[in-house]
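Residue strings, one per chain:
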Amino acid sequence: MDLKLLLLSALIGGLCLIKAQQVGNECIKASAKSCGECIQAGASCGWCTDPFFSRSHRCDVALALQVGGCSEAMIENPQGSTWILKNQPLANREKGAGKLKPDDVTQIQPQEFRLNLRSGEPQCIELNFKRAEDHPIDLHSPGPMSLSSEVILENSELPEGVTFVYTSYCKNGKLSIGQNGRKCSDIFVGDEVSFAINVTAKGCPSGGKPETIKIKPLGFTEEVEILLNFICECDCHKDSQMNSPNCHNGNGAFECGACKCNEGRIGRQCECSSNDVSSEDMDKNCRKDNGTDICSNNGDCVCGTCECKKRENPEERYSGEFCDCDNFNCDRSNNKLCGGHGHCDCRVCVCDANWTGSACDCSLDTSTCLAANKQICNGRGECECGTCKCIDPKFQGPTCEICPTCPGVCAEHKECVQCRAFGTGEKKDTCERDCSYFNLIKVKDRDKLPQPASQSFPLMHCKERDANDCWFYYTYAVNNNTEKEVHVVETLGETGDRVEAVGETGDRVEGVGENGDRVEATRSVRTCLSFGVRTIEPDM
């Protein structure tokens, strides 16, 4: 076969594969009661043979069954197949050779197939035709004779439920599908063309009995024989247990992991009489909102009524008309169902008194939001789930009582800052006990103090005098983690003002104060004036 025919063959194979993949999920809609019914519903349908399979649908696409807990080894999903039984090569008389005998002339190849057909799954066969000079003629055929340049394929009558779809690959790359796919024109001695035939069965044609179909080029004696076998039952059907005790006192055969009920009986265990309720109504009554899941996959449909499954944990249970409710699939908080402050009712938390929220984790108790003045959040915020949300941005803390930028803050913390930073002041002896409530950070000078614009929380700048009239500078704030922070300039008296004079005790000192006024003193300020100093002689 030349390169052109190889490419045509590959194209034919691709088309066959595409046809085979064009299947849908008819499985659940079929409501199959046995494995045989299931595999006839569609090419994608598989049947779970596991007797303990808990889902309501044993008939589904194979992947869905596996996701539902059925192992691959327990899924019946037979596949169709194509076998070539006779495949003599096409006639190829060499130039100058003598005339071929009629029995030696082969114009169509292969000559015999066997197809195992699964419902809805196409099987593809490929035929090659080559016009031979010495071919025998069918004198009884009403079609074209040997001088014709057209080849047309015809087949014998097909059984009901079987379809043949032809595709032709003719000279000059011409491709045709359907009725035109049966023929090629302008075919002369030595020309070779190809045909693809998709063979599909629907259901179980001919009651499952084999059928033989013949294809022949019109006007020629040669023909192709195709034996059709239909896959109508699963392999597990051979092991069927008639009148099994597993099927409600022997009211059915236990087959392929499930009950196949006797005439007049319906239900998963054949427990219902069809005189009381029809199979269609029974399933319908167990499907919520006309869906596909019986009893929401959480129960069994017993004579048209859902019986919900039991859980390993006796405290957990399914409920509802369609077993669509439960008491264990609610929101959790702190790894507790409904936060430990409610109960789960049909997948929604019903909270105890004084609790709210989807997981009952929001307390309505406001006692934790009471400030020292007995007001909720000091009148500066709202109590949400037992925690204050301060409305006024100046106020912070668990009850909105901390105001780092309010008047009086600097004086309130002055003594503790002084004792922590410089070891002086009224609280120097009790500093560790009384003044450990903030984090202290020392900086070199005032330029290093944090500024309000650079912080995401309120900040207060403070300037205070110590007992020696020395200035010290610091900032006070409560950060985003509710931690109190103090940044302090580590050197006393670093005011930036010009100061003159420092002498021994009793000497007169003078300088320029913070307002630019000249100041005098008769006591030593040596402890805080440590820069720009000169001594002034006392008056004589």
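Given the structure is predicted, the values throughout are model-derived calculations rather than measurements.

Bringing the overall build of the protein into the picture now. What the protein contains, in helices and strands, is six helices and 36 strands. In the protein, which comprises 540 residues, the proportion classed as buried is 42%. Summed over its atoms, the accessible surface of the protein is roughly 29,800 Å², and 48% of this surface lies on carbon and sulfur atoms.

The sheet built from three strands is open, its strands ordered β2-β1-β3 with antiparallel pairing. Either end of the sheet is taken by a strand with one partner, and the two such strands are β2 (59-61) and β3 (75-76). The sheet contact formed by strand β1 (residues 45-48) and β2 spans three bridges and is antiparallel. Considered in β2, the bridge of Trp47 is made with Cys59.

Okay, the pattern of salt bridges next. Counted by the stated rule, this structure contains eight salt bridges. Among the salt bridges present, the one from Asp324 reaches Lys288, with a minimum N-O distance of 2.6 Å. Placement of the pair is Asp324 in the loop between β21 (318-319) and β22 (325-326) and Lys288 in the loop between α4 (279-285) and β19 (299-302), with a sequence separation of 36 residues. On the basis of relative accessible area, Lys288 is assigned to the partly exposed category, the value being 38%. Of the charged contacts in the structure, one is a salt bridge between Arg311 and Glu316, with a shortest N-O distance of 2.8 Å.

Parameters at a glance
Residues numbered from 1 in each chain as written. Predicted model: local features only at pLDDT ≥ 70, side-chain atom pairs only at ≥ 80, totals over all residues. Heavy atoms only, no water. Helix = DSSP H or I, 4+ residues; strand = E, 2+ residues; numbered from the N terminus. Buried < 20%, exposed > 50% of the residue type's maximum accessible area, 1.4 Å probe, protein only. Areas by Shrake-Rupley, 256 points an atom, 1.4 Å probe, with all protein chains shown as cover. Pairing = 2+ DSSP bridges. Salt bridge = Lys/Arg side-chain N within 4 Å of Asp/Glu carboxyl O.

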